[in-house]
Amino acid sequence: MLAARVIPCLDVFQGRVVKGTNFVNLRDAGDPVEVARRYEAEGADELVFLDITASHEERDIILDVVRRTAEQVFMPLTVGGGVRTVEDVRALLSAGCDKVSINSAACTDPDFVRRAADRFGSQCIVVNIDPKRIIKDGKEVWEVHINGGRKPTGLMAVEWAKEIERLGAGEIVLTCMDADGTRDGYDIEITSAVSEAVSIPVVASGGAGSPQHMVEAIRDGKADAALAASIFHFGQFTIAETKQAMREAGIAVRL
Amino acid sequence: MITIVDYQMGNLRSVQKAIEKVGGEAKISSDPAEIASAEKLVLPGVGAFGDAMAEIRRRDLASPIIDFVDSGRPFLGICLGLQLLFERGLEHGEHEGLGILAGDVVRFDLPSNFKVPHMGWNTVTKKAPTGDANPLTEGIENDSHFYFVHSYYVRPTDPSVVALTCDYGGPFCAAIRRGNVIATQFHPEKSQDNGLKLLASFNGMTMNAEASV
């Protein structure tokens, strides 16, 4: 039985794991390799590094982090943040990450997704979709945003997800902006709508505050994996506790 | 020394690091002579079947790999490196594989609630042991989890080569074993302790004990 995945996400700034709120008041939370090893020992199914340095001059730093992590951690590693060119993808994959996550560049240059998938295979191309609930002409729509939720794209989440699949992406990370950072739970409605519209795996993201929320993302949101950052970083819940709760809810997990 | 075949398809470095982690030595090579004379060979790989075979042929690696397998030395294929052993791949058209094993590589054709790629940790089931110990029977328990990421799977003509199965909308071949040839659909280098155990066992394989086709 395929296990639902629990995926911790680490923000990496200039080669260090940071904790903070909306990119301000960043606090150093350690060496990415050490944190990755700890999560591996706790039973994480995969790991995501989000490079929030976002400046091209500092790309070499994240490549070094990936290299050092891949030497010591033997589980799938995804890296996102500032991935804009086929060359960025190639550099990350050859440094040792398994999947590369494309966010803004997918919206501004959809053909980039196709080029990357053609060159490296769908299995390593992940696309982030960040929808926000917006009222347009008196009607609610789920509009995809970029730049951390600041810039609307005119794209609608469900249609965009189908287009991403058609372009060759192998997985979608869906971060619902209204829920993100609230710790009140994932946006189940949008998650299940997207997950049921595509045949590639969907990772629920944004809003996790408890193991129960991860149960809901899988059971009700029909997601294939649940991603979380703060609930694990701040030590509120361990990955093992989370998986135990999922198992008790009848969800197949890897313990 | 384990030689890892470099044909520009996949995370060779992860495979190398995992082998080193279990105390083995591994080098990455795209040199036909080095591959032909390797002590143990790993054919890794992610990506598309047709592109991979084109790269292997362009680098004149098909004959060295086939000759290596025929010599009875220990061989490990991983993911695409399992699929390429077969006669025919049906990914984006029809492509001829290495033809070391009879059979096809086909896409999952499943109800819509099964996502493709099959991505994540799934459990394996051992087929009845074939007698002698090998990395797919030693140390792997039924229902242990391994990391999979693939949209295609192998359908061997000879069912007796299937060593492990996995269930995703029905059983499919998760690993094959024929004499010195071992190959897995999952990624041992990404499967934490279970995968490292398999690699340690492969690292310990010797030629004579396993060359029995």
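About the cut-offs
- Residues numbered from 1 in each chain as written.
- Chains lettered and ligands numbered in written order.
- Predicted model: local features only at pLDDT ≥ 70, side-chain atom pairs only at ≥ 80, totals over all residues.
- Heavy atoms only, no water.
- UniProt positions renumbered as here; feature names shortened; annotations may be inferred.
- Buried < 20%, exposed > 50% of the residue type's maximum accessible area, 1.4 Å probe, protein only.
- Contact = heavy atoms within 4.5 Å.
- Helix = DSSP H or I, 4+ residues; strand = E, 2+ residues; numbered from the N terminus.
- Polar contact = N/O pair within 3.5 Å; in protein donor to acceptor, adjacent residues only side chain to side chain.
- Salt bridge = Lys/Arg side-chain N within 4 Å of Asp/Glu carboxyl O.
- Pairing = 2+ DSSP bridges.

Asks: Before we go on, may I ask you to explain the UniProt feature "active site" (unreviewed entry) in chain A in this structure?
Replies: All names here are of chain A. UniProt annotation of "active site" (unreviewed entry) refers to D11 and D130 when read in the numbering used here. By relative accessible area, which is 24% here, D11 ends up partly exposed. Beyond its immediate sequence surroundings of up to four residues, D11 is in contact with R16, V17, V18, L50 and I52. In this fold, D130 is placed in the loop between β7 (125-129) and β8 (131-136). Look at D130 and you get buried, because its relative accessible area is 7%. If we ignore the near neighbours within four places in the chain, the residues touching D130 are N103, E143, V144, H145, T175 and M177. At 3.4 Å, the side chain of D130 forms a polar contact with the side chain of N103.

Asks: Please explain the pattern of salt bridges as it appears in this structure.
Replies: Residue and element names in this part refer to chain A. Scanning all chains against the criterion turns up 29 salt bridges over all chains. Across the pair R90 and E87 runs a salt bridge whose closest N-O atoms are separated by 2.9 Å. Of this pair, R90 and E87 both sit in helix α3 (residues 86-95), 3 residues apart, which is roughly one turn of the helix. By relative accessible area, R90 is classed as partly exposed at 39%. For E87, a relative accessible area of 44% translates into the label partly exposed. Each of D109, D111, R114, R115 and D118 takes part in one network of salt bridges that share partners.

Asks: Looking at this structure, how should I read unusual backbone geometry?
Replies: It is generally the case that most residues other than glycine have a negative phi and that most peptide bonds are trans. A cis amide bond, omega 10°, links V116 of chain B with the succeeding residue P117 of chain B. With respect to the element layout, P117 of chain B can be found in the loop between β7 (101-107) and β8 (118-126). If you check the backbone angles, Q14 of chain A has positive phi at about 50° while not being a glycine. Its location among the elements puts Q14 of chain A in the loop between β1 (5-13) and β2 (16-21). Judged by its relative accessible area of 42%, Q14 of chain A is partly exposed. We note that K222 of chain A has phi near 60°; this positive angle belongs to a residue other than glycine.

Asks: Is there a simple way to explain the environment of V6 of chain A in this structure?
Replies: Residues and elements named next belong to chain A. Here V6 is to be found in strand β1. Classification of V6 as buried rests on a relative accessible area of 0%. Setting aside chain neighbours within four positions, we find V6 in contact with A44, D45, E46, M214, A226, F232, I239, T242, K243 and M246.

Asks: Hey, could you run me through the pairing of strand β11 (residues 162-167) of chain B in this one?
Replies: Two faces belong to every sheet, and in a regular strand the side chains alternate between them. All names here are of chain B. Among the 6 residues that make up β11, 5 are buried, leaving the element largely enclosed by the rest of the structure. In this structure, β8 lies alongside β11, joined through 3 bridges in antiparallel fashion. Bridged to T125 within β11 is T165. Taken together, the 5 bridges between β11 and strand β12 (residues 171-178) define a ladder with antiparallel strand orientation. Along β12, the bridge assignment pairs D167 with P171. In textbook terms, the turn of a hairpin is the stretch between consecutive antiparallel strands, and for β11 and β12 this stretch comprises 3 residues, one of which, G169, has a positive phi near 65°.

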